[in-house]
Amino acid sequence: MTSYKKAYFAGGCFWGMEELFRVRPGVKDTEVGYLGGQTDHPTYQNHPGHAEGLEITYDPQETSYKDLLDYLFRVHDPTTVDRQGNDRGSSYRSAIFVQDEQEKADALEVIGIVNESGRWPDKVVTTLEPFTKFWPAEAYHQDYLVKNPNGYTCHFERFGSFL
């Protein structure tokens, strides 16, 4: 029996991130929510310091944490501080919420590969933040682009794999 793992990323509006990650090979579930802030029980209207983020449940027999990181750097611009597309503010920061030293090492390795590739015109500014707690967003945000196929997103695949 396979034990699933979870990964926690932020890269702008959580709708677009979820839409792309939910269909990746090995991804078993996605949920949008809030990460890295100072308040308990954040809401869309009140989430100071939190990033709009994504909880990814994946099967490590089918995909790796590094593969998920690779995809993260392909579907959002990791070189802009507190911004993705039209969205601005710390809620839209590029961040990896690491759960242990191995995830941190993998993230640093992949960031190095992305920077060395030269595909982005500037260096990666994605922060590595300790994972503390994931707060699920309101129900209307979950699978938003499935429910609203013409809804807003600034996420798309920009490159092939970095790895």
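This text gives an overview of the structure that appears in the document. Keep in mind that what you see is a predicted model, and the values were worked out from it rather than measured. (Residues numbered from 1 in each chain as written. Predicted model: local features only at pLDDT ≥ 70, side-chain atom pairs only at ≥ 80, totals over all residues. Heavy atoms only, no water.)

1. As for the environment of E18
Move 1: Tracing the backbone shows E18 in helix α1 (residues 14-21).
Move 2: Of the residues examined, E18 reaches a relative accessible area of 1% and is grouped as buried.
Move 3: Along the primary structure E18 and E31 are separated by 13 residues, whereas in three dimensions their C-alpha atoms are 7.2 Å apart.
Move 4: If sequence neighbours within four positions are ignored, E18 has contacts with T30, E31, V32, L54, H141, Q142, D143 and Y144. (Helix = DSSP H or I, 4+ residues; strand = E, 2+ residues; numbered from the N terminus. Buried < 20%, exposed > 50% of the residue type's maximum accessible area, 1.4 Å probe, protein only. Contact = heavy atoms within 4.5 Å.)

2. Describing the state of the cysteines
Move 1: One pass over the structure, following the stated rule, counts zero disulfides.
Move 2: Residue C13 stays outside any disulfide, its sulfur separated by 6.8 Å from that of C154, the closest cysteine.
Move 3: Owing to a relative accessible area of 7%, C13 belongs among the buried residues under this scheme. (Disulfide = S-S within 2.5 Å.)

3. Some words on helix α2 (residues 65-75)
Move 1: By the criterion of burial, α2 is predominantly enclosed, with nine of the 11 residues buried.
Move 2: Looking only at α2, the buried set comprises Y65, L68, L69, D70, Y71, L72, F73, R74 and V75.
Move 3: Taken together, the buried residues of α2 touch β1 (5-11), α1, β2 (27-35), β3 (51-58), β6 (94-98) and α3 (101-117).

4. Structural notes on the pattern of salt bridges
Move 1: The tally for this structure, following the rule as stated, stands at seven salt bridges.
Move 2: Note that K6 is salt-bridged to E55, the shortest N-O span being 3.6 Å. With K6 in strand β1 and E55 in strand β3, this pair connects stretches of sequence that are 49 residues apart.
Move 3: Exposure remark for E55: the relative accessible area of 11% places this residue in the buried category.
Move 4: Here the residues in one salt-bridge network are D70, R74 and E157, joined through shared partners. (Salt bridge = Lys/Arg side-chain N within 4 Å of Asp/Glu carboxyl O.)

5. Section: the environment of E109
Move 1: By the element assignment, E109 lies in helix α3.
Move 2: Placed 48 residues apart in sequence, E109 and E157 show a C-alpha to C-alpha distance of 21 Å.

6. Remarks on the side chain of S91
Move 1: Mapping S91 onto the fold places it in the loop between β5 (87-88) and β6.
Move 2: Exposure remark for S91: the relative accessible area of 15% places this residue in the buried category.
Move 3: Polar contacts involving the side chain of S91 include one to the side chain of H47, which spans 2.9 Å.
Move 4: In contact with S91, not counting residues within four places along its chain, are H47, H50, A51 and E52. (Polar contact = N/O pair within 3.5 Å; in protein donor to acceptor, adjacent residues only side chain to side chain.)

7. Points about the nonpolar core
Move 1: One finds F9, F21, I56, Y65, L68, F73 and I96 to be the most contacted residues of the largest nonpolar core, which totals 34 residues.
Move 2: Elements supplying a minimum of two residues to this core: β1, α1, β2, β3, α2, β6, α3 and α4 (144-147).
Move 3: Every residue in contact with I96, bar those within four places of it in the chain, is listed here: Y8, F9, Y65, L69, L72, F73, A107, T126, T127, L128 and E129.
Move 4: Core analysis: the second largest hydrophobic core is formed by seven residues, Y8, A10, L35 and A51 among them. (Core = buried A, V, L, I, M, F, W, Y, C linked by side-chain atoms within 4.5 Å.)

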